[in-house]
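# A structural walkthrough
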Amino acid sequence: MYLLMKKILFSIISFLFLGIWSCFAVDLWYSIKSYNVDLNLRDGWRLDILEEIVISYKEPSHWFYREIPYLYEVNNNTMLKTSITNIVVEWAEFEKSKHGNYIKLKIGSKNKLVNWDKVYKINYTVDWAIRSKDWWQELYWNIIGTERDTSINKANFKLHLPENLKILDFYGRKWPFGSVASYQLSLDWNVLSNKSSLKLLHNEWVTIAVKFPENSFDVEAVLVKKSLYRRFINFFNTEERQ
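Residues numbered from 1 in each chain as written. Predicted model: local features only at pLDDT ≥ 70, side-chain atom pairs only at ≥ 80, totals over all residues. Heavy atoms only, no water.

Turning to the overall build of the chain, a few remarks are in order. Looking only at helices and strands, the chain has two helices and 18 strands in total. The proportion of buried residues among the 242 residues of the chain is 38%. In the chain, 74% of the contacts between residues at least 6 apart in sequence involve partners at least 24 apart. Carbon and sulfur atoms make up 55% of the accessible area of the chain, which totals about 14,600 Å². (Helix = DSSP H or I, 4+ residues; strand = E, 2+ residues; numbered from the N terminus. Buried < 20%, exposed > 50% of the residue type's maximum accessible area, 1.4 Å probe, protein only. Contact = heavy atoms within 4.5 Å. Areas by Shrake-Rupley, 256 points an atom, 1.4 Å probe, with all protein chains shown as cover.)

Given below as structure tokens:
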């Protein structure tokens, strides 16, 4: 009876240990050496983003997948819907598709295996990035999300803001497993960046929030552009179905 209870107890402890370990260490066939993000806020509704990702492959692979959210939840259960356009992956083939709330990029070639450190440079534009609140306007953005199954050894970012734009407040959040932590930011003229490199586990993500005075961006003009854009897209979608 004692031996049976001992085996059962050992099995339970092993199961719990493996479950907890899987939350923190799931690096499989690749890891991310560095993840650098350069963001340029061109006006009140558009972000130009360049991601430079260095992948270290542990096994030969044809593909690297990058999922970019265009619809996600922000503060107070508010859904932010954006539009992802102008996607370019430098020096690499890629396929684009839509899955749920994400634009999914399948980067690579079926005729080529990669088994060394590889640099991926992904460019894209995010439309409708600014939100209007009661008495301020805000850029709230997931700079690095959890759309991956591996850790990031070193992450950095720079956010370039329009010149002479007044900033009310800004903060950064790192969201670890089961909690939240702040990280330090540096503002140099119109460039906002993290002060020191961030190390992320597979289920951790990084956000930034920047608050501006109300009317810093012409929201009405943005809404008109958004309406025209949607009409343009719907028109061509209708033409294709006919």
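We now examine the sheet that holds strand E3 (residues 63-69). Spatially, E3-E8-E7 is the arrangement adopted by the three strands of the open sheet, whose pairing is antiparallel. Both outer strands of the open sheet, E3 and strand E7 (94-99), are each paired with one neighbouring strand and no more. In this sheet, adjacent strand axes meet at a mean angle of 20 degrees when their direction is disregarded. Judged from the six bridges that link them, E7 and strand E8 (residues 102-108) form a sheet pairing that is antiparallel. Looking at the pairing, Phe-94 lines up with Ile-107 of E8. (Pairing = 2+ DSSP bridges. Axes fitted to C-alpha atoms, helices over the stretch in contact; angles between N-to-C directions.)

On to the pattern of salt bridges, then. A complete count under the given rule lists seven salt bridges for this structure. The closest approach of N and O atoms between Lys-121 and Glu-52, which form a salt bridge, is 3.6 Å. Here Lys-121 is found in strand E9 (residues 117-127), whereas its partner Glu-52 is found in strand E2 (residues 46-57), with 69 residues between them in sequence. Looking at Glu-52, the relative accessible area reads 27%, which means it is partly exposed. Between Arg-66 and Glu-147 there is a salt bridge, with the nearest N and O atoms lying 3.7 Å from each other. Of this pair, Arg-66 sits in strand E3 while Glu-147 sits in the loop between strand E11 (136-144) and strand E12 (152-160), placing them 81 residues apart in sequence. On the accessibility criterion, Arg-66 (7% relative accessible area) is buried. A relative accessible area of 19% places Glu-147 in the buried class. A single salt-bridge network, built from bridges that share partners, covers Glu-51, Arg-66 and Glu-147. (Salt bridge = Lys/Arg side-chain N within 4 Å of Asp/Glu carboxyl O.)

It is worth spelling out unusual backbone geometry at this point. For Asn-86, which is not a glycine, the phi torsion comes out positive at approximately 55 degrees. Here Asn-86 lies in strand E6 (residues 83-89). Backbone geometry places Trp-128, a non-glycine residue, at a positive phi of 65 degrees. For Trp-128, the location among the structural elements is in the loop between E9 and strand E10 (130-132). Here Trp-128 falls in the buried class, since its relative accessible area comes to 6%.

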